[in-house]
Amino acid sequence: MTEELEYIPGRFVVNRIVRPRMACSGCDTICQAPLPSRPIERGRPSPGLLAHVFVSKYADHLPLYRQSQIYAREGIDLDRSTLADRVGRSTALLEPLADAIGRYVRTAQAIFADDTPIKMQAKQKCATARIWTYVRDEQPWGSSDPPAAWYRFSTDREGRHPADHLKTIKGSMHADGYSGFNQLYRDGGVNEVACSAHVRRKFVDVYKASGLEIAEEAIKRIAELYQVEKAVRGKSPEERAALRQQDATPIFDDLETWLDAQLRRIPGKSELAKAIRYALTRMAKMRPYLDHGFLDLDNNTAERAMRSVALGRKNYLFVGSEGGGKAAAIAYTLIETAKLNGVDPQAWLTVVLERIADHPVNRIDDLLSWKINP
């Protein structure tokens with residue numbers, strides 16, 4: 001017996017809904033069964049097709065014009081403008097679900113925050129807008145609460161945007177040293193937790209450029225902290241804090257003392273000195289992770305959540321407007337949250353789009369990806 005793997009292309013199906021029309025001979029009244037609810041009122045696309053377009057663009061990074069070309073090879077005429085209109089209408093319908101994910105993320109003890117640039121089409125030339133992400137992931141400390149990622153769009157990088165997004169949170173936030181987050185810290189509701197990956201990255205850049213032994217030694221010492229993190233992953237917050245105090249605190253203290261000593265030995269304007277000064281200024285903000293098991297050593301959770309945005313913008317290049325940026329943020333929120341929970345985003349979105357038009361808005365949480373098995 002010989003087996004081979006074959007590929008059978010996906011197919012389009014036309015669903016025909018037949019609704020008999022009945023007339024009463026006594027009163028001339030005409031009755032007809034109503035159409036089942038649709039994601040787009042008076043629209044032709046089914047929930048499955050809408051979910052496929054959605055996932056193809058925001059999970060598989062296929063711009064709409066490429067999808068239009070693929071469909072044309074199958075004999076289906078779906079213009080890019082038609083697809084764009086359907087994506088916009090679908091995201092408007094799904095926005096309450098993205099808002100529910102945002103509310104869930106903001107109730108966490110600690111979140112991960114990051115932002116990345118994205119081009120937005122303007123009158124003269126493309127402007128630089130931003131996509132922000134806020135992630136809740138408590139799996140490293142054994143929590144049963146599902147992970148979620150919430151994305152927001154803004155036309156600039158002013159600090160008022162994260163201050164508005166997170167104005168209700170109380171707890172800790174892992175982030176880089178972006179000054180726009182300072183308003184959150186000043187207000188007292190958010191505790192800053194710095195990222196060791198950013199510290200390490202500066203030493204890696206110096207080592208790649210010059211091969212200095214001090215930079216290599218710094219990288220090795222930071223790696224020892226990550227070895228401790230491997231040992232505590234999945235344990236309870238109390239166990240994580242105890243093991244960190246026992247194993248990581250001596251390494252952390254030695255690293256801080258060693259960096260301070262090296263800074264006095266090297267030229268103050270060198271790239272290595274800049275990397276050491278950056279590390280020393282951030283280590284005080286990193287230290288809380290040693291005492292609290294629900295905190296992490298770095299902000300890589302948020303950076304991983306930005307990968308889809310980074311890959312997508314290389315393909316579709318820019319969003320067409322502020323509305324398009326908002327639609328992208330909603331789409332990334334739904335798709336990335338589904339992926340974090342091990343749920344097929346296309347199957348889940350198909351189920352959601354079938355139900356959401358008639359679903360009570362006060363029970364929108366019932367449609368979250370970790371509550372539906374598609």
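The structure reproduced in this document is the subject of the present report.

What counts, and where the lines are drawn
Residues numbered from 1 in each chain as written. Predicted model: local features only at pLDDT ≥ 70, side-chain atom pairs only at ≥ 80, totals over all residues. Heavy atoms only, no water. Helix = DSSP H or I, 4+ residues; strand = E, 2+ residues; numbered from the N terminus. Buried < 20%, exposed > 50% of the residue type's maximum accessible area, 1.4 Å probe, protein only. Areas by Shrake-Rupley, 256 points an atom, 1.4 Å probe, with all protein chains shown as cover. Lys, Arg positive; Asp, Glu negative; His and termini not counted. Charge placed at Lys NZ, Arg CZ, Asp CG, Glu CD. Expected span 1.5 Å × (residues − 1). Contact = heavy atoms within 4.5 Å. Polar contact = N/O pair within 3.5 Å; in protein donor to acceptor, adjacent residues only side chain to side chain. Core = buried A, V, L, I, M, F, W, Y, C linked by side-chain atoms within 4.5 Å. Pairing = 2+ DSSP bridges. Salt bridge = Lys/Arg side-chain N within 4 Å of Asp/Glu carboxyl O.

All right, on to the overall build of the protein then. Within the protein, the regular secondary structure consists of 14 helices and eight strands. In terms of overall dimensions, the protein has a C-alpha envelope of 100 × 60 × 45 Å along the principal axes. Out of the 374 residues in the protein, the part that is buried amounts to 46%. For the protein, the exposed surface amounts to about 20300 Å²; the carbon and sulfur share of it is 49%. Computed over 54 positive and 48 negative side-chain charges, the inter-centroid distance for the protein is 5 Å.

When the terminal C-alpha atoms of helix α6 (residues 196-210) are compared, their 22 Å separation across 15 residues agrees well with the 21 Å that a helix rising 1.5 Å per residue should span. Among all positions in α6, only S196, A197, H198, V199, F203, V204 and V206 are buried. Tucked into the core, α6 has its buried residues touching α7 (213-232), α8 (237-263), α9 (271-286) and α11 (300-305). Looking one or two residues beyond α6, the residue adopting positive phi is G211, at roughly 65°.

This next bit is on the side chain of R136. When you line up the elements, R136 lands in strand β4 (residues 127-136). Within polar-contact distance, the side chain of R136 engages the backbone oxygen of Y104 at 2.8 Å. Within polar-contact distance, the side chain of R136 engages the side chain of T107 at 2.9 Å. Those residues in contact with R136 that lie beyond four places of it in its chain are Y104, V105, T107, A108, D145, P147 and A148.

A separate point is the environment of L353. Relative to the elements of secondary structure, L353 occurs in helix α14 (residues 345-355). Exposure remark for L353: the relative accessible area of 3% places this residue in the buried category. In the structure, L353 is positioned 305 residues away from G48 in sequence and 8.1 Å away in space, judged by C-alpha atoms.

This next bit is on the nonpolar core. Of all hydrophobic cores here, the largest spans 70 residues; its most connected members are Y151, M173, F181, L334, W348 and L349. Examining the composition of this core, we find that nine residues originate from one element, helix α3 (residues 80-105), more than from any other. Here Y151 is in contact with I131, W132, T133, A305, M306, V309, A329, Y332, T333 and E336, once residues within four sequence places are set aside. In terms of nonpolar packing, the next biggest core, distinct from the first, is built from 35 residues, I222, V232, F252 and I266 among them.

Further remarks concern the pairing of strand β3 (residues 110-120). The element β3 is largely enclosed, with a buried count of nine among its 11 residues. By the bridge criterion, three bridges tie β3 to strand β6 (residues 171-174) in an arrangement that is parallel. By the bridge assignment for β6, A110 is matched with S172. Across nine bridges, the pairing between β3 and β4 is antiparallel. In the sheet register, P117 faces β4, and the bridge partner there is R130. Count of turn residues in the β3/β4 antiparallel hairpin: six residues. Note: β3 against strand β8 (residues 318-319), two bridges, orientation parallel. Opposite K119, over in β8, you have F318 as the bridge partner.

A word on the pattern of salt bridges. Following the criterion strictly, the structure yields 21 salt bridges and no others. A salt bridge links K167 to D164, with the nearest nitrogen and oxygen atoms 3.5 Å apart. In this structure K167 comes out as exposed when scored by relative accessible area, which is 60%. The closest approach of N and O atoms between E217 and R221, which form a salt bridge, is 3.1 Å. Of this pair, E217 and R221 are both found in helix α7, four residues apart, which corresponds to roughly one turn of the helix. Classification of E217 as partly exposed rests on a relative accessible area of 29%.

In this model helix α13 (residues 322-340) runs 27 Å from its N-terminal to its C-terminal C-alpha over 19 residues, within 8% of the 27 Å that 1.5 Å per residue would give. The N-cap of α13, judged by a side-chain oxygen 3.4 Å from the amide nitrogen of G323 a few residues on, is S321. Backbone geometry just downstream of α13 places G342 in the positive-phi region, at approximately 70°.

None of the figures reported here should be taken as evidence of function without further support.
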